[in-house]
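So you can see what is in the structure, the chains are spelled out below.
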Amino acid sequence: MAKQMEKSTNFPKYRADGQSTFKEKNDEKFIVKYRKNYYDIKKFIVKHPGGVNTLKGLNNSDMTSRFIKAHPHSDAAMYLMKEYHITKPIQLLTTTTCRSNDYNLKDAQYKKLIVPSMEDSNNNIIDENVEHLVDWSRAMLPQIGKICKQYEQWVHKPVDRSLRLFGPWYLEMCTKTAWWIVPIFWLPVIGALIYSEMWGVLFAGNVVKTLSLLLYFLLGITFWTFLEYVLHRYVFHMSINKHSHPWICSFHFMIHGLHHKVPFDSMRLVFPPVPGAILAIIIYAPLSMIVPQPRVVLAGALFGYLCYDMIHYYLHYGDPSNKLLYQMKRYHYQHHFAHQNLGFGISTPLWDNVFNTRIHLRKLRFRLKWK
């Protein structure tokens, strides 16, 4: 019977030094204990803002000590942790030894460390579960107008779930976009704009005119970075309160709120091309009456937007080795899970510096890895 039970569990075996003898990423479960609760964080490992290496060696371990010694987690991060809560596993974790690659605490040390920290509110699981406000089995958008009073509280508490925005399948399909569709749609548009305005100049060999058009193209990119910041700060993060109209809450959720509620939804990380094209036309109309060479400026702005969308997707699902992208990923995750009223620049922190909304990242002892 004992042998059968041992085979039915997915816990690793351990060497004499307490280290796991298997590769954690290939295991079917990744069970950890925090205080008196158990969590299966297998599907969260590669999504963890703190990287996979901070979770190394924790499978089938009590992670309480390491969790408390770590930098305090935000309320949003603690709320997300509830998503992975499970009932007590069949094979109990040890309570006298905290097994991990950093600590091996005996019972007395464990109590000495844990008991005083119980007052650390940032390292306790958030008790207020607000998911009862909505029915996750139904389309979400029609429900948002009914929770306006609690909307701000609800939308900034992330979950790791699939979300249906609309009821009809044909509308729901329009809200989901694979990342590769964006460059397939926009690169020909950008190429056509550049070709129509610059090809004749390049062919004629007019260096001065070519440099002038190049400057307008760069102006378009700069214009996009400013527009990105303004939209993200004042539209995507507009102030919502209990007096807001239900239509305002629904609009906010549709354009950006859902991204903060379900930040790991890979099909809703880039902007669908059709509404993007409508916005481009709306923005181009006044632009064409203000600046010279509006098509070149538009081409630059669309190129800036394309870079933004690709960067945004990569920051969520990539494992950057490049120093700049690495810092950008940490920066954007801080915006999602800790400082949602700061860090509005995604493709560049330029305007965060200008308008004093920059997030200052703390220095880490080791480099984070996300794969």
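In this text, all values refer to a predicted model and were calculated from it rather than measured experimentally.

The rules we used
Residues numbered from 1 in each chain as written. Predicted model: local features only at pLDDT ≥ 70, side-chain atom pairs only at ≥ 80, totals over all residues. Heavy atoms only, no water. Helix = DSSP H or I, 4+ residues; strand = E, 2+ residues; numbered from the N terminus. Buried < 20%, exposed > 50% of the residue type's maximum accessible area, 1.4 Å probe, protein only. Contact = heavy atoms within 4.5 Å. Areas by Shrake-Rupley, 256 points an atom, 1.4 Å probe, with all protein chains shown as cover. Arc of directions from axis to C-beta. Core = buried A, V, L, I, M, F, W, Y, C linked by side-chain atoms within 4.5 Å. Pairing = 2+ DSSP bridges. Salt bridge = Lys/Arg side-chain N within 4 Å of Asp/Glu carboxyl O. pLDDT = per-residue confidence, 0-100. UniProt positions renumbered as here; feature names shortened; annotations may be inferred. Polar contact = N/O pair within 3.5 Å; in protein donor to acceptor, adjacent residues only side chain to side chain. Phe/Tyr/Trp six-rings, centres within 6.5 Å; stacked < 30°, edge-to-face > 60°. Lys NZ or Arg CZ within 6 Å of the ring centre and 35° of its normal.

Draft legend 1. The arrangement of the overall build of the protein in detail. Helix and strand content of the protein: 14 helices and six strands. Here the protein, with 371 residues, has 45% of them falling under the buried criterion. Of the contacts made within the protein by residues no fewer than 6 positions apart, 72% connect residues no fewer than 24 positions apart. Of the roughly 20500 Å² that the protein leaves accessible, carbon and sulfur atoms contribute 63%.

Draft legend 2. Region of the structure containing the side chain of Asp-265. One can find Asp-265 in the loop between helix H10 (246-261) and helix H11 (273-290). According to the relative accessible area criterion, Asp-265 is buried, its value standing at 14%.

Draft legend 3. Looking closely at helix H6 (residues 148-155). All of the buried residues in H6 are Cys-148, Tyr-151, Trp-154 and Val-155. For H6, the arc enclosing every buried residue in end-on projection is 90°, short of the 170-degree limit, so these residues lie on one face. On its buried side, H6 packs onto helix H5 (141-144) and H10.

Draft legend 4. The arrangement of the nonpolar core in detail. The biggest cluster of nonpolar side chains holds 26 residues, and the ones touching the most others in it are Val-182, Trp-186, Ile-190, Trp-224, Leu-302 and Tyr-305. Elements supplying a minimum of two residues to this core: helix H8 (181-204), helix H9 (207-236) and helix H12 (294-317). Per-element tally for this core: the top contributor is H12, with eleven residues. Sequence-distant contacts of Val-182, that is, excluding residues within four places in its chain, are made with Thr-177, Val-270, Phe-271, Tyr-305, Leu-306, Asp-309 and Met-310.

Draft legend 5. Geometry of the pairing of strand S1 (residues 31-34). Of the two faces of S1, the one holding Ile-31 and Lys-33 and the one holding Val-32 and Tyr-34 are both buried throughout. As judged from the four bridges shared by S1 and strand S2 (residues 37-40), these two strands associate in the antiparallel manner. In the sheet register, Val-32 faces S2, and the bridge partner there is Tyr-39. Where S1 folds back on S2, the antiparallel hairpin that results is connected by two residues, among which Arg-35 adopts a positive phi of roughly 55°. Inspection of the sheet shows S1 paired to strand S3 (residues 61-62) by two bridges, in the parallel sense. Note on S3: the bridge partner recorded for Lys-33 is Asp-62.

Draft legend 6. Fine view of the pattern of salt bridges. Scanning the model with the defined rule gives six salt bridges in all. For Lys-261, the salt bridge identified is with Glu-131, shortest N-O distance 2.8 Å. Note that Lys-261 is positioned in helix H10 and Glu-131 in the loop between helix H4 (107-114) and H5, a separation of 130 residues in sequence. On the accessibility criterion, Lys-261 (0% relative accessible area) is buried.

Draft legend 7. Highlighting the pairing of S2. When S2 meets strand S4 (residues 85-86), the two strands line up antiparallel, connected through two bridges. From the neighbouring strand, Tyr-39 faces S4, where its bridge partner is His-85.

Draft legend 8. Structural context of the confidence of the model for the protein. Per-residue confidence for the protein gives a mean pLDDT of 84; residues scoring 70 or more make up 82%. Mean pLDDT in the protein bottoms out at helix H1 (residues 2-8), which sits at 37, and peaks at helix H14 (residues 350-354), which reaches 97. Confidence drops under a pLDDT of 50 for residues 1-26, and excluding neighbours within four residues, the segment shows 41 contacts in the predicted structure. Considering only residues more than four positions removed or in separate chains, one finds that residues 94-121, a stretch of pLDDT under 50, has 48 contacts.

Draft legend 9. Structural detail: the sheet that holds S2. Sheet architecture is open: four strands sit in the order S3-S1-S2-S4, paired in mixed fashion. The sheet is open, and its two borders are formed by S3 and S4, each paired with just one other strand.

Draft legend 10. Molecular detail of the UniProt feature "binding site: Zn(2+)" (unreviewed entry) in the protein. Feature annotation in UniProt assigns "binding site: Zn(2+)" (unreviewed entry) to the following positions: His-232, His-237, His-256, His-259, His-260, His-312, His-316, His-332, His-335 and His-336. When you line up the elements, His-316 lands in helix H12. Residues contacting His-316, with those up to four places away along its chain left out, are His-259, Pro-263, Leu-269, Lys-329, His-332, Tyr-333 and His-336. Polar side-chain contacts of His-316 include one of 3.4 Å to the side chain of His-259. Its place among the elements puts His-336 in helix H13 (residues 323-337). Sequence-distant contacts of His-336, defined by excluding residues within four places in its chain, comprise His-259, His-260, Pro-263 and His-316. Of the polar contacts made by the side chain of His-336, one reaches the side chain of His-259; its length is 3.0 Å.

Draft legend 11. Region of interest: the packing of aromatic side chains. Enumeration over the complete set of coordinates arrives at 24 aromatic pairs. The interplanar angle of 85° and the centroid separation of 6.0 Å between the aromatic rings of Tyr-229 and Phe-344 together place this pair among those described as edge-to-face. One end of the pair, Tyr-229, is in helix H9; the other, Phe-344, is in the loop between H13 and H14, with 115 residues separating them in the sequence. In this pair, the class of Tyr-229 matches that of Phe-344, namely buried. An aromatic cluster is present here, built from Phe-44, Tyr-84, Phe-264, Tyr-333 and Phe-337 joined pairwise through their rings. One residue, Arg-161, lies across the ring of Trp-136, its end atom 5.0 Å from the ring centre. The side chain of Arg-367 reaches across the aromatic face of Tyr-326, ending 4.0 Å from its centre.

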